[in-house]
Amino acid sequence: MRYLERYLAAIYKLCELLYDQKDYSRIHEYVVQALKEAPEEEKLYYWMITSLRKRDMVELAKKALETAKNTLDEEYYDLLVEQLNGYKKL
């Protein structure tokens, strides 16, 4: 569990750095890998959807949001939607 927390912290920091560099494709790549280890993390879905939106992949972003809805608890899904509507970095 401790290693997973460290891994996720590193992924989130990496996503922030890549976002600042406008490297949205690489955000997507790292998040896809991280979701294999932690499919219940709403922050990963946030970064996935943000990277897709930034690349104008609206339909894929909608599908990712639907996947999040089916995967996350309602509370975390609602938090994700709120954060996406604000379109702010976590």
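Conventions we followed
Residues numbered from 1 in each chain as written. Predicted model: local features only at pLDDT ≥ 70, side-chain atom pairs only at ≥ 80, totals over all residues. Heavy atoms only, no water. Core = buried A, V, L, I, M, F, W, Y, C linked by side-chain atoms within 4.5 Å. Buried < 20%, exposed > 50% of the residue type's maximum accessible area, 1.4 Å probe, protein only. Helix = DSSP H or I, 4+ residues; strand = E, 2+ residues; numbered from the N terminus. Contact = heavy atoms within 4.5 Å. pLDDT = per-residue confidence, 0-100. Axes fitted to C-alpha atoms, helices over the stretch in contact; angles between N-to-C directions. Parallel < 35°, antiparallel > 145°, perpendicular 65-115°, else oblique. Left-handed = near helix turned anticlockwise from the far one by under 90°. Nonpolar A, V, L, I, M, F, W, Y, C, P; charged D, E, K, R; others polar.

Colleague: Give a detailed account of the nonpolar core, specifying residues and quantitative values.
Modeller: The biggest cluster of nonpolar side chains holds 26 residues, and the ones touching the most others in it are Ile27, Val31, Leu44, Trp47 and Leu80. Put simply, the parts of the chain that give this core at least two residues each are α1 (2-20), α2 (24-37), α3 (42-54), α4 (58-71) and α5 (74-86). The biggest single contributor to this core is α3, with seven residues. Dropping the residues within four chain positions of it, Ile27 is found in contact with Cys15, Leu18, Tyr19, Trp47 and Ser51.

Colleague: How would you summarise the environment of Gln83 if you had to cite specific residues and measurements?
Modeller: Here Gln83 lies in helix α5. Taking relative accessible area as the criterion, Gln83 reaches 11% and is therefore assigned buried. Each C-alpha atom, one on Gln83 and one on Glu40, is 16 Å from the other, the two residues being 43 residues apart in sequence.

Colleague: Please provide a residue-by-residue account of the confidence of the model for the protein, values included.
Modeller: Should the pLDDT be low somewhere, the predicted coordinates at that spot are not to be read in detail. Taken residue by residue, the protein gives an average pLDDT of 93. The fraction at 70 or more is 96%. For the protein, the element scoring lowest by mean pLDDT is α5, at 93; α2 scores highest, at 97.

Colleague: I'd like to hear about the packing of α2 against α3, residue by residue, with values.
Modeller: Closest axis-to-axis distance for the α2/α3 pair is 9 Å, and the angle between their directions is 150°. Classified by the angle between their axes, α2 and α3 sit roughly antiparallel to one another. Crossing of α2 against α3: the hand is left-handed. Packed against α2, whose contacting residues are Tyr24, Ile27, His28, Val31, Val32, Ala34 and Leu35, the element α3 presents Leu44, Tyr45, Trp47, Met48, Ser51, Leu52 and Lys54 at the interface. Of the residues belonging to the contact of α2 with α3, the class tally is 11 nonpolar, two polar and one charged.

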